[in-house]
Amino acid sequence: MNPFSSGTRLRDMIKAIRACKTAAEERAVVRKECAAIRSSISENDQDYSHRNIAKLMFIHMLGYPTHFGQMECLKLIASAGFPEKRIGYLGLMLLLDERQEVLMLVTNSLKQDLGHTNQYIVGLALCALGNICSAEMARDLAPEVERLLLTRDPNIKKKAALCSIRIIRKVPDLAENFSSPATSLLKEKHHGVLIAGVQLCTDLCKVSEDASNHLRKNCTEGLVRILKDICNSPYAPEYDIAGITDPFLHIRVLRLLRMLGHGDADTSEYINDILAQVASKTESNKNAGNAILYECVETIMGIEATSGLRVLAINILGRFLSNRDNNIRYVALNMLMKAISVDSQAVQRHRTTILECVKDSDASIRKRALELVFLLVNDTNAKPLTKELIDYLEVSDQDFKGDLTSKICSIIEKFSQEKKWYIDQMVKVLSLAGNYVKDNVWHALIVAISNAPDLQGYSVRSLYKAFQLSSEQVSLVQVTIWCIGEYGEMLVNNVGVLQVEEPMTVTESDAVDVLESCLTHHSTDITTQSMCLIALLKLSSRFPPSSGRVKEIITTHIGSVVLELQQRAIEFNSIIQRHQNIKSSLVERMPVLDESTFISKRAGSSQANISTEKSNQQLPSGASLKLSNGVAKPAASPLVDLLDLSLDDTPVPTSTSNDFLHDLLDVGLTNSSSSASGTDILMDLLSIGTPVQSNTTPENGSSIKAKPNTATVQVVDLLDGLASNGSHPGAQSPVHPSITAYQSSTLKITFSFTKQPDKPQVTQIHATFMNLSSEAYTDFIFQAAVPKFIQLHLDPANSNHLPASGNGRITQTFTITNTQHGQKPLAMRIRIAYKVSNQERLEQGQINNFPPGL
Amino acid sequence: MSTGRLRTKAIRELSSLILTRGPKLCNFVEWKGYKAVYRRYASLYFCMCVDQDDNELEILEIIHHFVEILDRYFGSVCELDLIFNFHKAYYILDEILIAGELQESSKKIVARLIAAQVRSAMLLDWGKWAINSK
């Protein structure tokens, strides 16, 4: 005997493990045992392999890795004795799963065992195959299993039938092979075989239309007879459960009948009687009886039943719903979900009971009931249902609030017929559970408010009131801040008071108080604070007397450690102090957000939203930033976005998903006066004048975002500011020096210019591309885009292969016509695409150093 | 994630879901799109995970069917029986379920099959012993 082999018996090991008091002790014991098992396996110790695998299984159940024992299982399976095979197969089923490749090695052993003379060994093989075979193995061994379906031994027959179920689940194509053996199984008397056979037929129906038809034609009669027999059978001790003979068989047959009768009027008619008999005769005082009734009702709902039968079913449903047993009620709610499509009136009648279930102490029942309520909502009952649900929201459990809130919000959105009701309900929900409300929901609320000018005053006042009571709900706070910022003067001057409102006076200082308190109380929430700052800026314009106080508040954040807040504070402070002349236009009322585009964009832009969030993450503060007016900041360099004149089909992701919220600065920047001093307003604000590739001042509280492919006049005006320092009035010299249009570490582009004296507007540009890297570029494509007043015509390049290290060049010519020659300089945005070692690269740039006079 | 880790994670999640439920609540818990049906016997919980369209009440009966057979085999089964003879418990389970479906509704037949296999195993063992002791 091997001196290192584990002398402990299985039960000793289990005792030792159970005696451990700490996890570390247990790990030590397990480690020791595993080591002993490993050495025993490597010594090829036959006597102890049975025990080793048993130990390994126990260790595996505890959660430790045991893959070193897998091959041992295979060896045991291949050995001749029954007990070895048995433990080997069990080890196989526990320690392996169908994803492991080792499993394939068992196929041969399985094949032999399937043909063994010992029926119990055949049984072992069928069991293992039926529990974990992969699709490959299923295909290989299907013929053996088919053959076994026809043996005489009921034990093997039933195992083969269940094994076949797994085979057709893994390889549905094989279903047709099993069709006729399955039907012959239904003629058996043995209950085990019948149960397995009926189950096999059910799975065949799910997988194959043909099998379904075949069974419908040939087996319906037989099935009904089986059901009748067991329904009417006298007491049979072997199969009796709670006074019913073999409820399992009852249930399976009922399910198969459901599949056969579904959509087929003849079959449905044929089985009508037996269903009625089962539904009325079955006793419902024990679980077994109720299980049968449940299945029966499901079947009645699933076929083309007569109205009498339906009434029977609905009655059972009603009884279940008012049963005190929680299991029965749960099951009843399930049945009701199916019943809605069949007879929704009947289900509506139970609405009150269902609402009670939403408030039940059992979490599973609450969940079911809520789903059911959601299906029941229609235009007539939406209002009372919403009221009930919101009332419950107040008292519901924390873990349920999330689900409940999202369902309520969906209902409100779907079924609101008047804006006022919608706003009221949303304010209530936000007050009760604002922290569970998703962002897109309160964004929708803002869109709705901005589209309802007559309700804006009412909205801001309701929100103000709600805020006084529930200021810890973040979404409520955010919506309130936005509304106070936008509609502050309506709040204070009681604009648009509705009949139902109670009179209320809010002073300017009260409104500013709200914002100030938000800044202090929500000091950890960057989004809220950012929104507060811009709302304050708006108020400093809408409430001129409070401007001083607003400025003080904003100034306190100049030293904020959060970059976003610091930047906003400084910029807004600067606007208030030095730029009063444009302040009011900056913070004018937001343009109305188009609701229909918003809704459709939202429906289709969940993908884009994700990318927006991601791109927003790149911003320094890391929070998902939205400007208070909702404009998402472009992730790319703002200058590149500004022109956005590219030939790209795909605009910057941020612009699609948040397009619906217009940019703030839709204002008249006509006075883009390029003052001689370096502090050009626009240059300050828009951080123009920085080179394209740098990201020195990425975001700005009021950045312009031109819509893709619409170069407005204002945009070009900005370019004026750009080139203003360099513009020379007067005649252009005919000699235009070449420029390095673009240079990066990997690429250099030079432009040289020719003009004909009689066509001052036209310039020919000769571009030369040089590869500065050490690898050659292929598929080299150059693209350019220009403002609207310029026309561009590109000639083809002389090649699209650019050798490395400047060893060769590509040249390309294009012609530019400047329709505003003499008034506006050239500007161009370029994009170069090429492949390096089969990887695609893209470089983009802006050319703003054209010589003057082009 | 490896199968082993998935398995441990699933067991941990389900256990915490089920063990925290009070005694009067229904025996069904929804988990990851499946339904977990459980039944408590003294300090032991038997839990089965099924699809949405399975009959929960029947699953309760199947659990009880299994437990009664265990009871008959071990003679008043207790938790320790299952711990020290887990492989036998699995052999019994293999006579009741295959491919997740019910195999035999008669407790008598299951008991007979188990006994026959035990005899079969013993016979072969005796044979080996007889050969070795020569």
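Residues numbered from 1 in each chain as written. Chains lettered and ligands numbered in written order. Predicted model: local features only at pLDDT ≥ 70, side-chain atom pairs only at ≥ 80, totals over all residues. Heavy atoms only, no water.

1. Here we look at the overall build of chain B
When helices and strands are counted, chain B shows 5 helices and 5 strands. Helices and strands appear in chain B in the N-to-C order α-β-β-β-α-α-α-β-β-α. Residues classed as buried in chain B amount to 46% of the 134 residues present. Put simply, 28% of the contacts in chain B that link residues at least 6 apart link residues at least 24 apart. (Helix = DSSP H or I, 4+ residues; strand = E, 2+ residues; numbered from the N terminus. Buried < 20%, exposed > 50% of the residue type's maximum accessible area, 1.4 Å probe, protein only. Contact = heavy atoms within 4.5 Å.)

2. Points about the side chain of Asn55 of chain B
Mapping Asn55 of chain B onto the fold places it in the loop between strand E3 (44-50) and helix H2 (56-74). Looking at Asn55 of chain B, its side chain comes within polar contact range of the main-chain nitrogen of Leu57 of chain B, at 3.1 Å. Excluding residues within four positions of it along the chain, Asn55 of chain B makes contact with Ile251, Arg255, Ala291, Tyr294 and Glu295 of chain A. (Polar contact = N/O pair within 3.5 Å; in protein donor to acceptor, adjacent residues only side chain to side chain.)

3. Concerning the interface of chain A and chain B
Chain A puts 66 residues into the contact, and the matching count from chain B is 51 residues. Summed over the shared surface of chain A and chain B, the number is 9 salt bridges. One salt bridge connects Glu58 of chain B with Arg252 of chain A, and the closest N-O pair in it is separated by 2.8 Å. Linking chain A to chain B there are 25 residue pairs in polar contact (both at pLDDT 80 or more). Each residue belonging to the side of chain A that touches chain B can be placed in one class, and the counts come to 30 nonpolar, 17 polar and 19 charged. (Salt bridge = Lys/Arg side-chain N within 4 Å of Asp/Glu carboxyl O. Nonpolar A, V, L, I, M, F, W, Y, C, P; charged D, E, K, R; others polar.)

4. Some thoughts on the sheet that holds strand E2 (residues 34-41) of chain B
Residue and element names in this part refer to chain B. Pairing is antiparallel across the open sheet formed by 3 strands, whose spatial order is E1-E2-E3. This sheet does not close on itself; its edge strands, each paired only once, are strand E1 (28-31) and E3. Sheet twist, expressed as the mean angle between neighbouring strand axes with direction ignored, is 25 degrees. The sheet strands contacting H2 are E1, E2 and E3, and the helix crosses E2 at an angle near 40 degrees. (Pairing = 2+ DSSP bridges. Axes fitted to C-alpha atoms, helices over the stretch in contact; angles between N-to-C directions.)

5. Topic: the nonpolar core
Residues and elements named next belong to chain A. Core analysis: the biggest nonpolar cluster contains 253 residues, and Leu92, Leu126, Leu129, Leu223, Phe320, Leu389 and Ile484 have the highest contact counts within it. Ranked by the residues each element gives to this core, the list is headed by helix H26 (residues 474-493), at 11 residues. The residues contacting Leu389, other than those within four sequence positions of it, are Leu355, Val358, Leu370, Val373, Leu404, Ile408 and Ile411. Formed by 30 residues, the second largest nonpolar core is a distinct cluster that contains Ile739, Phe780, Ile810 and Leu826. (Core = buried A, V, L, I, M, F, W, Y, C linked by side-chain atoms within 4.5 Å.)

6. So, the confidence of the model for chain B
Summarising the model, chain B shows a mean pLDDT of 88, and 90% of its residues fall at 70 or more. Two summary scores accompany this predicted model of the complex, namely pTM at 0.68 and ipTM at 0.92. (pLDDT = per-residue confidence, 0-100.)

7. What about empty space enclosed by the protein?
Under the definition given, this model contains 10 cavities of 30 Å³ or more. Considered as a void within the structure, the second largest cavity measures approximately 110 Å³ in volume. Every residue lining the second largest cavity is listed: Arg86, Gln119, Tyr120, Gly123, Leu124, Cys127, Asn155 and Lys159 of chain A together with Tyr91, Asp94, Glu95 and Gln117 of chain B. Among the elements that make up the lining of the second largest cavity, the one with the highest residue count is helix H7 (residues 119-132) of chain A (5 residues). When grouped by side-chain class, the residues that make up the lining of the second largest cavity number 4 nonpolar, 4 polar and 4 charged. (1 Å grid on protein atoms, 1.4 Å probe; cavity = no way out; pocket = protein on both sides within 12 Å on 5 of 7 lines; lining within 4 Å. Points joined across faces, edges and corners; volume = space filled by probe spheres on them.)

8. Let's talk about the pairing of strand E10 (residues 839-847) of chain A
Regular strands place side chains that alternate from one sheet face to the opposite one. Residues and elements named next belong to chain A. Across 9 bridges, strand E9 (residues 828-836) lies against E10 in antiparallel orientation. If you follow Arg829 over to E10, its bridge partner there is Gln846. Where E9 folds back onto E10 in an antiparallel hairpin, the turn is made up of 2 residues, including Ser837, whose phi is positive at roughly 45 degrees.

9. Observations regarding the pairing of strand E4 (residues 747-754) of chain A
Residue and element names in this part refer to chain A. Taking every second residue as pointing to the same face, the buried face of E4 carries Leu747, Ile749, Phe751 and Phe753, while none of Lys748, Thr750, Ser752 and Thr754 on the other face is buried. Bridge analysis of E4 against strand E5 (residues 762-771) gives 8 bridges, and the strand direction is antiparallel. Across the sheet, residue Leu747 finds its bridge partner in E5, namely Asn771.

10. Some remarks on helix H3 (residues 49-62) of chain A
All names here are of chain A. With 14 residues, H3 should reach 20 Å at 1.5 Å per residue; the first-to-last C-alpha distance of 20 Å fits that figure. Judged by how many residues are buried, H3 sits mostly within the fold: 10 of 14 residues are covered. Considered for burial, the residues of H3 that qualify are Ser49, Asn52, Ile53, Ala54, Lys55, Leu56, Met57, Phe58, Ile59 and His60. Directly after H3, the chain includes Gly63, whose backbone phi takes a positive value near 110 degrees. (Expected span 1.5 Å × (residues − 1).)

11. Some thoughts on a negative patch on the surface
Among the surface-exposed residues, Asp173, Glu176, Glu209 and Asp210 of chain A lie close enough to one another that they form a single negatively charged patch. Here Asp210 of chain A shows up in helix H12 (residues 209-232). (Patch = residues over 30% accessible without salt bridge, like charges linked within 9 Å, V, L, I, M, F, W, Y side chains within 5 Å. Areas by Shrake-Rupley, 256 points an atom, 1.4 Å probe, with all protein chains shown as cover. Lys, Arg positive; Asp, Glu negative; His and termini not counted. Charge placed at Lys NZ, Arg CZ, Asp CG, Glu CD.)

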